[in-house]
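Close look at the chain arrangement
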Amino acid sequence: QVQVVESGGGLVQPGESLRLSCAASGSILSIYTMEWYRQAPGKQRELVAASPSGTAPNYADFAKGRFTISRDNAKNTVYLQMNSLKPEDTAVYYCSAVISTPRTSVVRYWGQGTQVTVSS
């Protein structure tokens, strides 16, 4: 059994920063990628940033220059540092990880989501 759990959301003012964390736990053999998505009300879920194992991270255009994804492989944890936040960044942010376990092949797991609200 694998769990993916996010934390760190909240309410901030425009221009402020927030750091999200996401930890994967359970019987993990390999983590192939850890990613952040977001979904605003009435919109489709979209990729924010991805951190594939062994390769450079990549970002959505709206995240470039403001958001930074990083991983602590020893802790199976991924972070999303968000700076210069804008009201349009308001969304539920989801962590996703592609993982293999002793009992399964490659499976994508999702966290429960954490709300980020940017408002004055």
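Described below are features of the structure shown in this document. Remember, it's a predicted structure, so these values are computed and weren't measured experimentally. Sequence positions are assigned chain by chain, starting from 1 and proceeding in written order. Reporting in this predicted model follows two pLDDT cut-offs: at least 70 for local features of residues, and 80 or more for side-chain atom pairs to be given and counted; totals over whole chains, interfaces and linings ignore these cut-offs and use all residues. Note that water and hydrogens are dropped before the side-chain values are worked out from all heavy atoms of the structure.

1. Looking at the sheet that holds strand β8 (residues 77-82)
The 4 strands lie next to each other as β1-β3-β8-β7, forming an open sheet whose pairing is antiparallel. Because the sheet does not close on itself, it has two edges, and the strands there are β1 (2-7) and β7 (67-72). This sheet shows a mean twist of 15° between the axes of neighbouring strands, independent of strand direction. Whether two strands pair comes down to DSSP finding at least two bridges between them. Helical segments are the DSSP runs of H or I of at least four residues, strand segments are the runs of E of at least two, and each set is numbered from the N terminus. Relative to strand β3 (residues 18-26), β1 runs antiparallel, the two sharing 6 bridges. Residue pairing across strands places S7 opposite S21, the latter belonging to β3. Every angle, taken between N-to-C directions, lies between 0 and 180 degrees, and every axis is a line fitted to C-alpha atoms, over only the stretch in contact when it is a helix.

2. Examining the pattern of salt bridges
For side chains of opposite charge, pairing can occur when their charged atoms come near one another. The salt bridge criterion pairs a side-chain nitrogen of Lys or Arg with a carboxyl oxygen of Asp or Glu, the two atoms within 4 Å. Counting across every chain of the model gives 5 salt bridges. Between E35 and R108 there is a salt bridge, with its nearest N and O atoms 2.8 Å apart. Of this pair, E35 sits in strand β4 (residues 30-39) while R108 sits in strand β10 (residues 107-110); the two residues are 73 residues apart in sequence, bridging distant segments of the chain. The salt bridge involving R38 is made with E46; its shortest N-O contact spans 2.8 Å.

Limitation: the analysis is restricted to geometry and does not speak to function.
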